[in-house]
Amino acid sequence: MAGIALAVAQGRMGEIWINVSMVLTAAAGVLLAWQIYPRQRRALREPGDRGALSTLSMLTGVFNLLWAAVVVLMIVRPGDHA
């Protein structure tokens, strides 16, 4: 919310890299809440299922890639002329 407030205050909400970063952040949050967290709880409750752990590892990797993309967008800021 603080990032949105700053972007609005600076008049930068129309910049594509901010919008893409917000979408990727939302996607990462949804992935974490709806897939990763429940699967982690299940894996801790019932250890030993290699297939479930493999899927959890894959989803966690996707989550990390989403955050890495957000970090790159925040540093590079494509299309920013300031």
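Note: the structure precedes this text.
Quick notes on the rules
Residues numbered from 1 in each chain as written. Predicted model: local features only at pLDDT ≥ 70, side-chain atom pairs only at ≥ 80, totals over all residues. Heavy atoms only, no water. 1 Å grid on protein atoms, 1.4 Å probe; cavity = no way out; pocket = protein on both sides within 12 Å on 5 of 7 lines; lining within 4 Å. Points joined across faces, edges and corners; volume = space filled by probe spheres on them. Helix = DSSP H or I, 4+ residues; strand = E, 2+ residues; numbered from the N terminus. Nonpolar A, V, L, I, M, F, W, Y, C, P; charged D, E, K, R; others polar. Buried < 20%, exposed > 50% of the residue type's maximum accessible area, 1.4 Å probe, protein only.

A. Just the layout of surface pockets, in detail. As a volume, the largest pocket reaches approximately 300 Å³. Considering the residues around the largest pocket, the lining is formed by 15 residues, among which Gly-3, Ile-4, Ala-7, Ile-18 and Met-74 are closest to the centre. Those elements that provide at least two residues to the lining of the largest pocket are α1 (2-9), α2 (16-45) and α3 (50-76). A per-element tally of the lining of the largest pocket places α2 first, with five residues. Of the residues in the lining of the largest pocket, the class split is ten nonpolar, four polar and one charged.

B. How the structure looks around the environment of Ile-36. You can see Ile-36 is positioned in helix α2. Under the relative-accessibility criterion, Ile-36 is labelled buried at 3%. In sequence terms Ile-36 and Gly-11 are 25 residues apart; their C-alpha atoms lie 35 Å from each other.

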